[in-house]
Amino acid sequence: ATFPNTAEIYTDAPVGLTDQFFISINPLEGANPEAFDTDDNESYLGTSSIKISVPAPNNPNGNFVGGIFRDRGEGRDLTGYDALTFWAKGSVNGTISAGFGPDFLDEEFPDDDRFVVDRENIELTTAWRKYTIPIPDPSKLTKVKGLFSFSAGGFDIVDDAPNGNEVAWTFWMDEIKFEKLGTIGQMRPKIEN
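Treat the numbers as computed from the prediction; the structure is a model and nothing was measured.

On to the overall build of the protein chain, then. Secondary structure assignment for the protein chain yields 0 helices and 11 strands. Ordered by position from the N terminus, the helices and strands of the protein chain form the series β-β-β-β-β-β-β-β-β-β-β. Counting all 193 residues of the protein chain, 46% fall into the buried class. Of the contacts formed within the protein chain by residues at least 6 apart in sequence, a portion of 78% connects residues at least 24 apart. Just so you have it, the protein chain exposes about 10,400 Å², and 47% of that area is on carbon and sulfur atoms.

Take a look at the structure:
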């Protein structure tokens, strides 16, 4: 038997996840757990999206936002997919990091975090745009609980600040899912002469 291979993570609601699917990075590390919400007035497709309010560096509740969407069941089999995709836009141009893999279950022995995929410096614009995160080796992803991760903002993360200014801003994400695109190529390193 294999684990479920559900591709969708969030469309108009979390797919195959409980209502408590978002887990914030530890507030003791400076994360703002109040920055995550859903928005029924803004979406790429359908009627709802995820709304992230990136805090200003001097916010007393935390100066960045980040966390994961975790499958609280047995996990998912992602061997049939070659990319994680999502649609996003910002209130201003800004950058985020996104990926999947971490599940925050065992920080001392993170066996299930062996295959973390992360794409940094994803540049958002003020219009909806599709973003793709290639999966390097899907054959290893037979039981994944950390289905999506992201982070933005931070006092010392100037690159994540819109237009180089460390100010509060907002971004939205929608249609988060795994896909078999068939167009993902793996880089092959080589030494020239």
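There's plenty left to go through after this.
Another aspect to go through is the packing of aromatic side chains. Under the definition given, this model contains 18 aromatic pairs. When the centroid spacing of 4.1 Å and the interplanar angle of 5° are considered together, the rings of Phe22 and Phe36 count as stacked. Here Phe36 lies in strand β3 (residues 36-39) and Phe22 lies in strand β2 (residues 22-24), a separation of 14 residues in the sequence. With centroids separated by 5.3 Å and ring planes inclined at 45°, the aromatic side chains of Phe69 and Phe148 adopt a geometry described as tilted.

Counting residues in each nonpolar core, the largest one holds 38 residues, and the members touching the most others are Phe69, Phe86, Phe148, Phe150, Phe171, Met173 and Ile176. Looking at this core element by element, the count peaks at 5 residues for strand β11 (residues 169-179). Discounting residues that sit within four places of it in the chain, Phe148 has contacts with Ile9, Gly67, Ile68, Phe69, Leu84, Phe86, Ala98, Gly99, Phe100, Met173 and Ile176.

Reading the values: rules and limits
- Residues numbered from 1 in each chain as written.
- Predicted model: local features only at pLDDT ≥ 70, side-chain atom pairs only at ≥ 80, totals over all residues.
- Heavy atoms only, no water.
- Helix = DSSP H or I, 4+ residues; strand = E, 2+ residues; numbered from the N terminus.
- Buried < 20%, exposed > 50% of the residue type's maximum accessible area, 1.4 Å probe, protein only.
- Contact = heavy atoms within 4.5 Å.
- Areas by Shrake-Rupley, 256 points an atom, 1.4 Å probe, with all protein chains shown as cover.
- Phe/Tyr/Trp six-rings, centres within 6.5 Å; stacked < 30°, edge-to-face > 60°.
- Core = buried A, V, L, I, M, F, W, Y, C linked by side-chain atoms within 4.5 Å.

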